[in-house]
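# Observations on the model geometry
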Amino acid sequence: MHKCDQKYTVAIAGATGYAGQEALRIMEQHPNFDVTCVTGHSSVGCSMQEYAPHIPSIAGLRVEETSASVLSGHDIVILALPHGASGKLASQLHDVRVVIDLGADHRLENPLDWDEFYGGEYYESWAYGMPELIMGENSNDVDAQYSIRDCVGIPKQRGNLKGASRIAGPGCNVTAVTLAFQPAITAGLVTSDIIANLVVGYSGAGRKLGQANLLAAQALGNAVAYSVGGKHRHIPEIKQNFAHAAGLGAVDAHQFSLGFTPVLVPMSRGIMATVCAPLSKQAQDMSDDDIRQVYDDVYATEKFIHMLPESVLPQVSSVIGSNSAHIQISIDRKANLMYAFSAIDNLNRGTAGQAIQSLNIALGLPEDAGLTTIGVAP
Ligand SMILES: NC(=O)C1=CN([C@@H]2O[C@H](COP(=O)(O)OP(=O)(O)OC[C@H]3O[C@@H](n4cnc5c(N)ncnc54)[C@H](OP(=O)(O)O)[C@@H]3O)[C@@H](O)[C@H]2O)C=CC1
Ligand SMILES: CC(=O)N[C@@H](CCC(=O)OP(=O)(O)O)C(=O)O
């Protein structure tokens, strides 16, 4: 049978949560996947009709216990569990062809970062599920040796995902910031003193994790910052990506200084990231058109990364429901700052969409199978 006709059975752990539900929604529209098992924690025994009424095709599935014995035996397992809950479980899934962890347990390559920002037992890092991540030329990271060049010669992470059996899904804020700024890092347009400000929707906090914030009376008409002052756990992951984009290993990520401030706003989904840094000496000597060309080259062949026409700014409403990232840049010569803006859907591009894109690559399926670039605005 041709690879593209093959069907794989899928189990989704944490299917009652927001990330798991979005994985379910995409899987149900994917030609190669058949979701036969969903698991949860407090919802064990409930019908999926209760948790995902927007996906009628799985209404008949009952939520099972999240355990290695329930998950084993499926071709693919997606772990959409709170961070810290998947490391041990994943280590017991020996017979599963591909395991994707949507949480943080296998993202960080440097155990010291894990200790500082998460704590608890450290589990080894897996192939990082961001196909478009630039793996810079001189990276001393082992993975970089296996990255493949796109048609304009830029080495990217998708090469490391081919045939991968264990994949770590990136954080959603990390995705927005990395895609916005990695071309500038790779080309040396900026070097450090990076500031990322994000407005983010409430679903990023998860159905359970953020319950206290989910009251409409508290959320509507409000905007509130959180995890400020260098505490947000996505900081080491973004710096790790920047290090790779610059051709360095994760241990050199400390070279980048990053200010990171997320602000919750009343959107159910979506992230709008504004990232800026001082222009390097090299960038000061380049024209705005030359700087734009750097971005156009990096993303020219990327179906899901859309460089918007000059002066058109990204909007969250254009990417909701899609696996796309919309990106724009702006150069402020008077302030000597380079800005990049990105909009993504945190649950789709920021989590489940990107994970399934990576899974498609791992299995040798068309990279875009089951995924869309088309949003659902308004
Ligand atoms: N929301 C987002 O935008 C993003 C989320 N992620 C990551 O995805 C993962 C899931 O997040 P999200 O869906 O938002 O969270 P939710 O709170 O919405 O869902 C959590 C899921 O995990 C289950 N669960 C809760 N506690 C445990 C436990 N101790 N053991 C096993 N299962 C448990 C819940 O089951 P039950 O409902 O039955 O109690 C539920 O299915 C997290 O690691 C998160 O960081 C990554 C990127 C973006
Ligand atoms: C609104 C909100 O709280 N969003 C979460 C992001 C969710 C995500 O990407 O988280 P993981 O790294 O845990 O997978 C946050 O900023 O922490």
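Each value, and the rule that gives it
- Residues numbered from 1 in each chain as written.
- Chains lettered and ligands numbered in written order.
- Predicted model: local features only at pLDDT ≥ 70, side-chain atom pairs only at ≥ 80, totals over all residues.
- UniProt positions renumbered as here; feature names shortened; annotations may be inferred.
- Pairing = 2+ DSSP bridges.
- Helix = DSSP H or I, 4+ residues; strand = E, 2+ residues; numbered from the N terminus.
- Contact = placed C-beta atoms within 7 Å.
- Axes fitted to C-alpha atoms, helices over the stretch in contact; angles between N-to-C directions.
- Domains from an automatic or database assignment.
- Nonpolar A, V, L, I, M, F, W, Y, C, P; charged D, E, K, R; others polar.
- Core = buried A, V, L, I, M, F, W, Y, C linked by C-beta atoms within 7 Å.
- Buried ≥ 20, exposed ≤ 12 C-beta atoms within 10 Å, placed from the backbone.
- Near = placed C-beta within 6 Å.
- Parallel < 35°, antiparallel > 145°, perpendicular 65-115°, else oblique.

An unreviewed UniProt entry lists the protein under the name N-acetyl-gamma-glutamyl-phosphate reductase, with Alloscardovia theropitheci as the source organism. What the UniProt record of the protein gives under Pathway (unreviewed entry) is the line "Amino-acid biosynthesis; L-arginine biosynthesis; N(2)-acetyl-L-ornithine from L-glutamate: step 3/4."

## Concerning the sheet that holds strand 6 (residues 127–128)
Strands pair in a sheet through their backbones, by hydrogen bonds, and they do so in one of two ways: parallel or antiparallel. With parallel pairing, the 7 strands of this open sheet are ordered in space as 3-2-1-4-5-9-6. Edge positions in the sheet fall to strand 3 (63–65) and strand 6, since each of these pairs with one other strand and no more. Pairing between strand 2 (residues 33–40) and strand 3: 3 bridges, direction parallel. Its bridge partner being in strand 3, Thr-39 is matched across the sheet by Glu-64. Sitting on the sheet, helix 1 (residues 18–27) is in contact with strand 1 (8–13), strand 2 and strand 4 (76–79), with an inclination near 160° to strand 1. With respect to the sheet, helix 12 (residues 348–363) is in contact with strand 4, strand 5 (98–101) and strand 9 (166–168), its orientation differing from that of strand 5 by roughly 160°.

## Considerations on the domain arrangement of the protein
One can read the domain layout of the protein as domain 1 (8–139 + 355–363) and domain 2 (170–345). Here domain 1 and domain 2 have C-alpha centroids that lie 24 Å from each other. Listed per partner, the contact involves 23 residues of domain 1 and 30 residues of domain 2. Per-class residue counts for the side of domain 1 that touches domain 2 are 11 nonpolar, 7 polar and 5 charged.

## Describing the nonpolar core
For soluble globular proteins, nonpolar side chains are generally found buried alongside one another. Core analysis: the biggest nonpolar cluster contains 111 residues, and Ile-12, Ile-78 and Ile-167 have the highest contact counts within it. Counting the residues that make up this core, at least three belong to each of domain 1 (8–139 + 355–363) and domain 2 (170–345). Residues contacting Ile-12, with those up to four places away along its chain left out, are Gly-20, Ala-23, Leu-24, Val-35, Val-38, Ile-78 and Ala-80.

## Digging into the site of ligand 2
With respect to spatial proximity, 13 residues lie near ligand 2, and among them Gly-171, Cys-172, Val-200, Gly-204 and Ala-205 are the closest. Across the shell around ligand 2, the residue classes break down as 6 nonpolar, 7 polar and no charged.

## Re the sheet that holds strand 12 (residues 258–264)
Taken in spatial order, the 7 strands of this open sheet run 11-12-10-13-16-15-14, and their pairing is mixed. Looking at strand neighbours, the two that pair on one side only are strand 11 (224–225) and strand 14 (305–307), the edges of this open sheet. Note: strand 10 (residues 194–200) against strand 12, 7 bridges, orientation parallel. Each residue of the ladder has a partner; that of Ile-194, found in strand 12, is Leu-258.

## So, the site of ligand 1
Near ligand 1 lie 30 residues; those nearest to it are Gly-17, Gly-40, Ser-43, Gly-103 and Gly-206. No other element matches helix 1, which puts 3 residues into the shell around ligand 1. Two domains each donate at least three residues to the shell around ligand 1, and these are domain 1 (8–139 + 355–363) and domain 2 (170–345).

## Describing the packing of helix 7 (residues 172–186) against helix 12
Running from amino to carboxyl end, helix 7 crosses helix 12 at an angle of 95°, the nearest separation of the two axes being 8 Å. By the angle between their directions, the pair helix 7 and helix 12 is classed as roughly perpendicular. Contacts from Cys-172, Thr-175 and Ala-176 of helix 7 reach helix 12 at Arg-349, Gly-350, Thr-351 and Gln-354. Residue composition of the contact of helix 7 with helix 12, by class: 2 nonpolar, 4 polar and 1 charged.

## Description of the pairing of strand 10
It is a general feature of regular strands that their side chains alternate between the two faces of the sheet. The alternating pattern of strand 10 places Ile-194, Ala-196, Leu-198 and Val-200 on a buried face and Ile-195, Asn-197 and Val-199 on a face that is not buried. Pairing geometry for strand 10 and strand 13 (residues 271–278), over 6 bridges, is antiparallel. Within the sheet, the bridge partner assigned to Val-200 lies in strand 13 and is Ile-271.

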